[in-house]
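Coordinate inspection notes
Each chain, letter by letter, is given below.
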Amino acid sequence: MKIKLAFNLLNTKHAHYAPAIVEIDDACVVAYEKLTAETANTRWIGGTAEIKEEENGMALFQNDRRIEATQFLPSESNANRKQKR
């Protein structure tokens, strides 16, 4: 599952982006760039994030916690509420 997330500041090994947008696919970073305009289907997270290089590619972290796309799936209870309406 791919998702786009926006942060006030993104730190990478080679640069800093403020503000920034990061696209992740499950747990892997597939793209990132400076945020210069509103971008459709992007969730604003805020704060500072960091991209770290790992064996399998790049991973996204905030407050030393890995961010994965599945964290942003609707909870089961929210999905059930929508179906009942």
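Just above, that's the structure.
For the structure given in this document, a descriptive report is provided here. (Residues numbered from 1 in each chain as written. Predicted model: local features only at pLDDT ≥ 70, side-chain atom pairs only at ≥ 80, totals over all residues. Heavy atoms only, no water.)

Here's the deal with the packing of aromatic side chains
- All chains considered together, the criterion is met by one aromatic pair.
- Sitting above the plane of the F61 ring, K52 keeps its charged end 4.5 Å from the centroid. (Phe/Tyr/Trp six-rings, centres within 6.5 Å; stacked < 30°, edge-to-face > 60°. Lys NZ or Arg CZ within 6 Å of the ring centre and 35° of its normal.)

Re the pairing of strand 7 (residues 48-54)
- As paired elements, strand 2 (residues 9-11) and strand 7 share three bridges and run parallel to each other. Paired with L10 across the two strands is A49, which belongs to strand 7.
- Summarising the sheet, strand 7 and strand 8 (residues 57-62) pair through five bridges and their orientation is antiparallel. In the strand pairing of strand 8, E50 is matched with F61.
- Following strand 7, the chain reverses through two residues before pairing antiparallel with strand 8. (Pairing = 2+ DSSP bridges. Helix = DSSP H or I, 4+ residues; strand = E, 2+ residues; numbered from the N terminus.)

Quick look at the nonpolar core
- Counting residues in hydrophobic clusters, the biggest one holds 14 residues, and the most contacted among them are L5, F7, L10, V22, I24, L60 and I67.
- Aside from chain neighbours lying at most four places away, what touches F7 is P19, A20, V22, W44, I45, G46, G47, A49, L60, Q62 and I67. (Core = buried A, V, L, I, M, F, W, Y, C linked by side-chain atoms within 4.5 Å. Buried < 20%, exposed > 50% of the residue type's maximum accessible area, 1.4 Å probe, protein only. Contact = heavy atoms within 4.5 Å.)

Focus on the side chain of Q62
- Looking at the secondary structure, you find Q62 in strand 8.
- For Q62, a relative accessible area of 17% puts it in the buried group.
- Within the structure, Q62 has its side chain in polar contact with the backbone oxygen of T48 (distance 3.4 Å).
- Excluding residues that lie within four positions of it along the chain, Q62 makes contacts with F7, I45, G46, G47, T48 and I67. (Polar contact = N/O pair within 3.5 Å; in protein donor to acceptor, adjacent residues only side chain to side chain.)

Structural notes on the pattern of salt bridges
- Taken as a whole, this structure holds two salt bridges when the rule is applied.
- With a closest N to O distance of 3.9 Å, R66 and E68 form a salt bridge. (Salt bridge = Lys/Arg side-chain N within 4 Å of Asp/Glu carboxyl O.)

Observations concerning the side chain of T12
- Along the polypeptide, T12 turns up in the loop between strand 2 and strand 3 (16-17).
- Excluding anything up to four places from it in sequence, T12 contacts Y17, Y32 and I51.

Re the sheet that holds strand 3
- Strand order in the open sheet formed by five strands is 3-2-7-8-9, with mixed pairing between adjacent strands. Each edge of the open sheet is held by one strand with a lone partner, namely strand 3 and strand 9 (65-67).
- Looking at chain direction, strand 8 and strand 9 are connected through three bridges and run antiparallel. Counted as the bridge partner of Q62 is R65 from strand 9.

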